[in-house]
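Letter by letter, the chains look like this.
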Amino acid sequence: MSTLADVRPRPADRSRLSRLSRRTSVSPLSRLDLAQLGPNWYAAVMGTAIVANGAAALPVRLPGLIGFGEVMWALGAAALLVLAGARLVHLTRHREAARAQLLDNPATAVFYGCPPMALLAVGLGTLLLGSRVIGIGPAVALDAVLWGVGTLYALTVAAGIPYLMITRHTVSALEANPTWLLPVVAPLVASACGPALVPHLPAGPPQQALLYACWALFGVGLLATLVLLPVVFTGLFHSKVPALALTPALFLVLGPLGQSVTAIHQLADAARPVLPALAPVMRPLAELYGIAVIGVAMLWLSVALTANLRARRAGMPFAMTWWAYTFPVGTCVTGASALAGHTGFGGFTGLAVGLYLLLGAAWLLAAGGTAAGLLRGRLLAR
């Protein structure tokens, strides 16, 4: 007859069980391999920040909407801090991997357009929403820092990545895809975020200088986009989408479209007290440009949605490219909201609300997939 002592683990077995328990109880987050952490992870910050900024921009005021925006702004700011710390570890402890991502791999180098856009989006949210939490003075100061750093970063990337593609990277226009737009969209984001700081500067030359700088950034981003878009479409028509997981990148085409609509309206609004001679021309220009471009954006949205639904049916797995569903749609939210405010047309209000609901669903998909991937060891796993 067996006794209780017979089924008790022996000391050696207890030791092995203890080691196994400690090994299996380690949090997946502690096993992250930061050597794999690329600049594409800043898309998560961008996607979260645009949900907050979209809440502030919507032409309707629903109960709790601004409070929700504040929560999303805080979440985006926290994500930016955590990611910046993780990237610092990556750049210092994994220098060869960081060097390869930028200098040797054009597929990852283009994602260096994400960090400046993350800085700019969080900075704008700090002014629009964070000021209710931390006070207007600290919010203006923080936004000024983030806008300044983000803008310099954006210009460096907008010039530096094309330079590397011309002189070092092995690329073919026949294999271009929408991720190529990321470095040149960043100046457009800076031009859309900068006008919010204009009223907080001393009247006269300081305000004029910032507004002129934002117009110059608008030109840089818009003209560079117009140059690259035909190349991107050539690549898509010739080589198709190179991998199923890259299908969400089709949404990136919406980014410069929606952001340029947002930017031109923000510039027109800021010009009224600062550049009164130009203001009468700029508002109708913004409205006509915005209506035309938002129409193109909605046409492309239908194409991108159809392609992604097809890819989902084909078994498209989760990847960090799913964050491409968020920020580009968010720029269309802010663009449609600006059109609604300028024209007073209810159709643009309805469009902005509908796009914001789509943005919220996209954020839930991307954030949920990212959290599950980290916890289950599918992302950044050793």
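Thresholds applied
- Residues numbered from 1 in each chain as written.
- Predicted model: local features only at pLDDT ≥ 70, side-chain atom pairs only at ≥ 80, totals over all residues.
- Heavy atoms only, no water.
- pLDDT = per-residue confidence, 0-100.
- Contact = heavy atoms within 4.5 Å.
- Phe/Tyr/Trp six-rings, centres within 6.5 Å; stacked < 30°, edge-to-face > 60°.
- Helix = DSSP H or I, 4+ residues; strand = E, 2+ residues; numbered from the N terminus.
- Buried < 20%, exposed > 50% of the residue type's maximum accessible area, 1.4 Å probe, protein only.
- Axes fitted to C-alpha atoms, helices over the stretch in contact; angles between N-to-C directions.
- Left-handed = near helix turned anticlockwise from the far one by under 90°.
- Disulfide = S-S within 2.5 Å.
- Salt bridge = Lys/Arg side-chain N within 4 Å of Asp/Glu carboxyl O.

## Quick notes on the confidence of the model for the protein chain
In step 1: Per-residue confidence for the protein chain gives a mean pLDDT of 91; residues scoring 70 or more make up 92%.
In step 2: Under a pLDDT of 50 for its full length, residues 1–9 has, in the predicted model, 3 contacts with residues more than four places off or in other chains.
In step 3: Overall, residues 17–25 carries pLDDT values under 50, and its contacts beyond four positions in sequence, including any with other chains, amount to 2 contacts.

## Regarding the packing of aromatic side chains
In step 1: Under the definition given, this model contains 8 aromatic pairs.
In step 2: Summarising the aromatic geometry, the rings of Trp 215 and Phe 218 are spaced 5.6 Å apart at their centres and angled 80° between planes, so their arrangement reads as edge-to-face. In this pair, Trp 215 and Phe 218 both sit in helix α10 (residues 205–239), 3 residues apart, roughly one turn of the helix.
In step 3: In this structure Trp 215 comes out as partly exposed when scored by relative accessible area, which is 24%.
In step 4: Residue classification places Phe 218 among the buried residues on the basis of a relative accessible area of 7%.
In step 5: A ring pair is formed by Phe 218 and Tyr 289, whose centres lie 6.4 Å apart and whose planes are at 70°; its orientation type is edge-to-face.

## Remarks on the packing of helix α11 (residues 254–274) against helix α13 (residues 327–343)
In step 1: Their axes nearest at 7 Å, the elements α11 and α13 cross at an angle of 35°. The crossing of α11 and α13 is left-handed. Each of Leu 254, Gly 255, Gly 258, Gln 259, Val 261, Thr 262, His 265, Ala 268 and Asp 269 in α11 lies in contact with α13, whose residues at this interface are Phe 327, Pro 328, Val 329, Thr 331, Cys 332, Thr 334, Gly 335, Ala 338, Leu 339 and His 342.

## Describing the state of the cysteines
In step 1: Enumeration according to the criterion identifies 0 disulfides in this entry.
In step 2: Cys 114 takes part in no disulfide bond, and the closest cysteine sulfur, belonging to Cys 193, lies 15 Å away.
In step 3: Assessed through its relative accessible area of 2%, Cys 114 is described here as buried.
In step 4: With no disulfide of its own, Cys 214 lies closest to Cys 193 among cysteine sulfurs, the gap being 9.0 Å.

## A few points about the pattern of salt bridges
In step 1: Within the structure shown, the criterion is met by 5 salt bridges.
In step 2: Arg 132 is paired through a salt bridge with Glu 70; the nearest N and O atoms lie 2.3 Å apart. Of this pair, Arg 132 sits in helix α7 (residues 114–134) while Glu 70 is found in helix α4 (residues 65–93), placing the two residues 62 residues apart along the sequence.
In step 3: Looking at Arg 132, the relative accessible area reads 58%, which means it is exposed.
In step 4: With a closest N to O distance of 3.1 Å, Asp 104 and Arg 168 form a salt bridge. A residue pair is termed long-range when its members are at least 10 positions apart, and Asp 104 in helix α5 (residues 95–104) and Arg 168 in the loop between α8 (136–167) and α9 (182–193) qualify at 64 residues.
In step 5: Take Asp 104: its relative accessible area is 45%, and that puts it in the partly exposed class.
In step 6: What emerges from the salt-bridge pattern is a single network uniting Arg 99, Asp 104 and Arg 168.

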